[in-house]
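Per-entry structural report
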Amino acid sequence: MPGAAHVPRAGGIAERARAMAAPRRAAGASYLVGLNPEQREAVETVEGPLLVLAGAGTGKTRVLTTRIAHILSLGLAWPSQILAVTFTNKAAREMKERIGGIVGEEVEGMPWLGTFHSIGVRMLRRHAELVGLRSGFTILDTDDQIRLLKQILQAEDIDDKRWPAKMLASTIDGWKNRGLTPEQVPAGEGATFANGRGKMLYAAYQARLKALNAVDFGDLLLEGIRLLRENPDVLAEYHRRFRFILVDEYQDTNVAQYLWLRLLAQGSRNVCCVGDDDQSIYGWRGAEVDNILRFESDFPGAKVIRLERNYRSTGHILGAAGHLIAHNEGRLGKTLFSEGAHGEKVTVTGAWDSQEEARAIGEEIEDLQRQGHSLSDIAILVRASFQMREFEERFVTLGLNYRVVGGPRFYERAEIRDAMAYLRCIAQPADDLAFERIVNVPKRGLGDVALRQIHEQARAAGVPLQEAARQLVGSDALKPKVRLSLMDLVQSFERWREQAAQMPQNQLAEIVLDESGYTGMWQKDRSADAAGRLDNLKELVRSMEPFENLTGFLEHVSLVMDTEGAAGQDAVSLMTLHSAKGLEFDTVFLPGWEEGLFPNQRALDEQGRAGLEEERRLAYVGLTRARYRAKVYFASNRRIHGLWQSSVPSRFLDELPDGHVEVTESKGGTGWGGGQANGASRRYGYGPSRFDQAETFGSTYSTPGWQRAQAAKGGSFGGRSGGAGGSGGFAEPASRFGGVSGHAAGRASGGRGSGGRLIEGQLIATSTGPASAFKRGERVFHQKFGYGDVVGVEGNKLTVQFDKAGEKHVVDSFVQPA
DNA sequence: TAGGACGATCTTTTT
DNA sequence: GATCGTCCTA
């Protein structure tokens, strides 16, 4: 490589590798010890394009990190000459840690290890002016993006009821994921939104972003591509710089990422992509499995190495997962094997409803805990985040420690976003979106009218809002009251901006929050969550400390939307299947395997067969997270939008092989009858889905599974109406169905009772939920609030006058008769 | 202009 | 069931 003065040594890489590898390795390349032959080959094949197809649990991350360590310790490149891209911040963090574990401090010199987006920003910051931005541009998040689009829609006089900004946002996002600029959007597609104005709106949005000196997430890559394409010298610089390129989770890259990568990889051609087509689960976000499928044709002469030896899961788990994923077409095809024991079979358990599902899983976890298992070795992986709630509620009543991974994000909370908006206004006076957000938060009498005036002034003078406000304050265009209030704000910002230069950012933040009246606003608020919000603000200020300056902090927030949760405590992990990728646990619970939920109806409707296959891969990912125990659950009834809906077991259950699966009964008694499931024709009867054959929808009702469900439903509802009713069974959860396991028994008790409504089709009960068994005047006990009297009943919600805690609204399942 | 009441709409997954 | 947005009134 000529002209690479900053390379440690001249000469061909292979040559140097040969020359240096021998002595170094002889000296004991301890990091190579313990790799299997395929892994070792993947680590040592440093030159030329390489695709590593790494199945679940085959040591993918280990290969990647060892490979980097190998390159560094052979002296083939300096840390700053390695480009290592991951998909998530979590993965980047982990990789950095693990490389550090092998090579030590040297990892600190790897500025180009990160997510696609963080590396994209890094490049854009260096060459902002080449793509029409000023350095220090803002990165908008989804929320800002939507607000901006709303304004554009309004300006174009498009009814945002009919054409929601959200929809436009995802359309534009889709284009950006495919690497399309407004000009490149095919005319036919541009017509899809708002009667043919989609393309125009996209262009308007981009223009607006430029005016705001802002980019959105998609731009981080799209503008990056433009930068490299339009500036050969810049591209050449990066070609010289990046001697080795490594990509993690290659199956998740979208077209834009792929184009970006390909531009950069044309340099050294030492590109190594690691991925597993069976774990591609981000198709909905534009990921192209094709990228991995066509690697060999993109990089002629590419070497492909398969890692199929699984070190994680037992034989039964692998067998079940492998059989499931075999139902997919269009795979590169790998068969995982392990030399470990068969272990326990994968269990499948049916529960009456989602609450009972949570109850049963809670009990299983307590059993495991009693047997000495650590809670942090247990995870519950759900398809959709709303499923988490029931588990949380259950765990709170049980007093079981749990941790929500990737749950409601810290930086997405309103109070944090408000605080951030103040800081953004200081760092970026042109950030109109931030200014709009906080002009009147807390309330300072600057409502719609005032804001409109500021907008008009801004447009007339061609300046950002903050500047327009400053100008208005100097004139007498505003009403005195408004003027005074706005003047105060404008002056405050000027003052803060001066102070910003003189003090650490966390101290500044404290001053800003205090002087703006923002903290005061929450202190005055006596709603239940005000205290929590104040805590969050404190946490925000605290988290700012380690950053170099305010800008550094703001950048971190826009790219790294998660905070590192308090690890270390022994707790069950609760997360979505998506965020579980890359993790592993001794025991994994997989609740909610029901048609419509998993596979997700929307995925089926929108993506058809591809959607189904992606859902199946998601199931595969879930199963393969487990080392020793995988426990699948489904519920016959689930509450969606506050309505109880009956559900049909997932088709994926049918795709699990008998030999590796055991059907068990829910501890709480199943509403479906596990006893039916033995025999050769184990069938859960999801029936033809609405998606497959819409016209035969009715036949769903005649499948054995449906009839079983109906029968059981009748039984349990009878039990419900005749018993304590509602979800009041707090004291003895399992007793409600009193061992009703077969449908015969269920029916016997189900014939009577007017409360046991069975409405045709899916709707089972009204939104108010089952009426509470508690009555006004009844004495109750609540774990947290103590004793009290019921003063009001509404559905299953009670108003209770507690002796000590005062009047509270509680769900009746949290209290018991005193 | 602010606050409250009411109604519509939603729930896939995330950088 | 919850949140968000809109409308109405003080």
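Residues numbered from 1 in each chain as written. Chains lettered and ligands numbered in written order. Predicted model: local features only at pLDDT ≥ 70, side-chain atom pairs only at ≥ 80, totals over all residues. Heavy atoms only, no water.

1. Section: the sheet that holds strand S1 (residues 50-54)
For clarity, the cut-off: Note on pairing: DSSP must find at least two bridges between two strands before they are called paired. Put simply, DSSP marks the helices as runs of H or I at least four residues long and the strands as runs of E at least two long, and each gets a number from the N terminus on. Note on geometry: axes are C-alpha line fits, over the in-contact stretch for helices, and angles between N-to-C directions span 0 to 180 degrees. Residues are treated as being in contact if the distance between any of their heavy atoms lies within 4.5 Å.
The strand order across the open sheet formed by six strands is S3-S2-S6-S7-S1-S8, and the pairing between neighbours is parallel. Each edge of the sheet is formed by a strand with only one pairing partner; in this case those strands are strand S3 (113-115) and strand S8 (303-307). For this sheet the average axis-to-axis angle between neighbouring strands, irrespective of direction, equals 15°. Packed onto the sheet, helix H2 (residues 37-44) meets S1 and S8 and runs at close to 145° relative to S8. Here helix H4 (residues 89-103) sits on the sheet and contacts strand S2 (82-86) and S3; the angle it forms with S3, its principal contact strand, is near 165°.

2. Regarding the protein's contact with DNA strand B
What counts is decided by this rule: What makes a residue near a molecule or strand is one non-hydrogen atom of that residue sitting within 4 Å of it. Pairing of N or O atoms within 3.5 Å defines a polar contact, subject to two protein rules: one partner must be a possible hydrogen donor and the other a possible acceptor, and residues neighboring in sequence count only if both atoms are side-chain atoms. Charged residues are taken to be Asp, Glu, Lys and Arg, nonpolar residues to be Ala, Val, Leu, Ile, Met, Phe, Trp, Tyr, Cys and Pro, and polar residues to be all remaining types, Gly included.
Taken together, 27 residues surround DNA strand B, and among them Arg383, Ser385, Arg409, Val449 and Arg602 come closest. Near the protein, within 4 Å, the atoms of DNA strand B are sugar or phosphate in 59% of cases. Taking valine 449, its main chain carries an N or O atom lying 3.1 Å from a phosphate oxygen of DNA strand B. Threonine 576 places a side-chain nitrogen or oxygen 3.3 Å from a phosphate oxygen of DNA strand B. Grouping the amino acids of the surface near DNA strand B by side-chain chemistry returns nine nonpolar, 10 polar and eight charged.

3. A few points about the pattern of salt bridges
Under the convention used in this document: Here a salt bridge means any side-chain nitrogen of Lys or Arg lying within 4 Å of a carboxyl oxygen belonging to Asp or Glu. Exposure is judged per residue with a 1.4 Å probe applied to protein chains only, and the accessible area is read against the type maximum: over 50% gives exposed, under 20% gives buried, and values in between give partly exposed.
Under the defined criterion, the tally for this structure stands at 50 salt bridges. As a salt-bridge pair, lysine 581 and glutamate 249 come within 3.4 Å of each other at their nearest N and O atoms. Placement of the pair is lysine 581 in the loop between helix H27 (577-580) and strand S13 (585-590) and glutamate 249 in the loop between strand S6 (244-247) and helix H12 (255-265), with a sequence separation of 332 residues. Classification of lysine 581 by relative accessible area gives buried; the value is 12%.

4. Quick notes on the packing of helix H20 (residues 448-461) against helix H21 (residues 465-474)
Defined as follows: Here the word oblique covers every angle except those under 35 degrees (roughly parallel), over 145 (roughly antiparallel) and from 65 to 115 (roughly perpendicular).
Between H20 and H21, the least distance of the axes is 8 Å, while the angle of their chain directions is 105°. Taken together, the axes of H20 and H21 lie roughly perpendicular to each other. From H20, Gln453, Ile454, His455, Gln457, Ala458 and Ala461 reach across to H21, where they touch Leu465, Ala468, Ala469, Gln471 and Leu472. When its residues are assigned to classes, the contact of H20 with H21 shows seven nonpolar, four polar and no charged.

5. A closer look at the environment of histidine 556
Take histidine 556: it is sitting in helix H26 (residues 550-559). Each C-alpha atom of the pair histidine 556 and glycine 462 lies 30 Å from the other, and the pair is 94 residues apart in sequence. Residues in contact with histidine 556, not counting those within four places in the same chain, are Tyr411 and Phe547.

6. Let's talk about unusual backbone geometry
Along the chain, valine 441 connects to proline 442 via a cis peptide bond; the corresponding omega equals 0°. A cis amide bond links phenylalanine 598 with the next residue in sequence, proline 599, at an omega value of 5°. A positive phi angle is found at aspartate 157, which is not glycine, with a value near 60°.

7. Describing the confidence of the model for chain A
Fine structural detail should not be taken from predicted coordinates in areas where pLDDT scores are low. For the record, the criterion: The predictor attaches a confidence to each residue, and that confidence, scored 0 to 100, is pLDDT.
For chain A, per-residue confidence averages 78 on the pLDDT scale, and 79% of positions sit at 70 or higher. The element-level mean pLDDT for chain A is lowest in strand S17 (residues 763-765), coming to 20, with S13 highest at 96. Confidence over residues 1-27 falls short of pLDDT 50; this stretch has 38 contacts with residues more than four positions distant or in other chains.

8. Quick look at the environment of aspartate 298
In this fold, aspartate 298 is placed in helix H14 (residues 295-298). C-alpha separation for the pair aspartate 298 and leucine 64, spaced 234 residues apart in sequence, amounts to 21 Å. Ignoring anything within four residues of it in the chain, the contact list for aspartate 298 reads Tyr258 and Arg262.

9. Some details on the packing of helix H9 (residues 198-211) against helix H10 (residues 217-230)
Relative orientation of the contacting elements H9 and H10 amounts to 85°, with a least axis distance of 14 Å. What the angle tells us is that H9 and H10 run roughly perpendicular. Where H9 approaches H10, its residues Tyr202, Gln206, Leu209 and Lys210 are matched on the opposing element by Asp219, Leu222, Glu223 and Arg226.

10. Considering the pairing of strand S12 (residues 572-576)
Within S12, five of the five residues are buried, which leaves it mostly tucked inside the rest of the structure. Across the two faces of S12 the burial is the same, with Val572, Leu574 and Thr576 and Ser573 and Met575 all buried. In this structure, strand S10 (residues 378-382) lies alongside S12, joined through four bridges in parallel fashion. Its bridge partner lying in S12, alanine 379 is registered against serine 573. Note: strand S11 (residues 402-404) against S12, three bridges, orientation parallel. When the bridges of S12 are listed, valine 404 appears paired with leucine 574.

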